[in-house]
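Chain by chain, the residues run as shown.
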Amino acid sequence: MTMQVSLSRRDFLRGGQKRETRTCPPGVALSDLAACSGCAKCVEACPTGIITMSGGLPSVDFSAGECTFCGKCAEACPEPVFAVPAAQRFDHVMAIGDGCLAFGNVDCQACRDACPTEAIRFHPRRGGPFVPELIADACTGCGACVSVCPTGVIKIKETATEMQYA
């Protein structure tokens, strides 16, 4: 099956079209979604309401809240989609963008207060409010910091995966 791609001049000069990004539920890889029937039972089971259906497949929307890693989505799924039913972290971490209020001399520590693993810490600086630092090893990628950020500058940062060659 071939896919025809039509690029505008602007997209061509930028190196192609923007890809739609999908954040899979915890314990699910993109390749696992091939087994998904699109029943949306994981959506119904999610107590925080962050799992939505996008293009007939589950996707996580952190603007709606955080993942508590309760596993109810995996329990409700009738298909072999959730390879790791008791996943306690995502394959990504969060990243704080340059538009953070602290970098603009405005004191805000909402992300720190919302982080259940204390992965976001604030350090003092001379002449301004404390600045954030995200400890990647402590971040589970749960997204608790995303919905509370007043400027919306906290985004997903994919973790580097090592490629192995045979």
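The structure presented is a predicted model; accordingly, all values stated were derived computationally and were not measured.

**Here's the deal with the pattern of salt bridges**
Consideration 1: Counting across every chain of the model gives 1 salt bridge.
Consideration 2: Between R112 and D113 there is a salt bridge, with its nearest N and O atoms 2.7 Å apart.
Consideration 3: Assessed through its relative accessible area of 36%, R112 is described here as partly exposed.
Consideration 4: Residue D113 is classed as exposed on the basis of its relative accessible area of 57%.

**Some thoughts on the UniProt feature "binding site: [4Fe-4S] cluster 2" (unreviewed entry) in the protein**
Consideration 1: Mapped onto this structure's residue numbering, the UniProt feature "binding site: [4Fe-4S] cluster 2" (unreviewed entry) falls at C67, C70, C73 and C77.
Consideration 2: Structurally, C67 is set in the loop between β2 (57-60) and α3 (72-76).
Consideration 3: Residue C67 is classed as buried on the basis of its relative accessible area, which comes to 9%.

**With respect to the UniProt feature "binding site: [4Fe-4S] cluster 1" (unreviewed entry) in the protein**
Consideration 1: Taking the UniProt record as the reference, the feature "binding site: [4Fe-4S] cluster 1" (unreviewed entry) is found at C36, C39, C42 and C46.
Consideration 2: With respect to the helices, strands and loops of the structure, C36 is situated in the loop between α1 (9-13) and α2 (41-45).
Consideration 3: Discounting residues that sit within four places of it in the chain, C36 has contacts with G56, L57, P58 and V81.
Consideration 4: By relative accessible area, which is 13% here, C46 ends up buried.

Conventions we followed
Residues numbered from 1 in each chain as written. Predicted model: local features only at pLDDT ≥ 70, side-chain atom pairs only at ≥ 80, totals over all residues. Heavy atoms only, no water. Salt bridge = Lys/Arg side-chain N within 4 Å of Asp/Glu carboxyl O. Buried < 20%, exposed > 50% of the residue type's maximum accessible area, 1.4 Å probe, protein only. UniProt positions renumbered as here; feature names shortened; annotations may be inferred. Helix = DSSP H or I, 4+ residues; strand = E, 2+ residues; numbered from the N terminus. Contact = heavy atoms within 4.5 Å.

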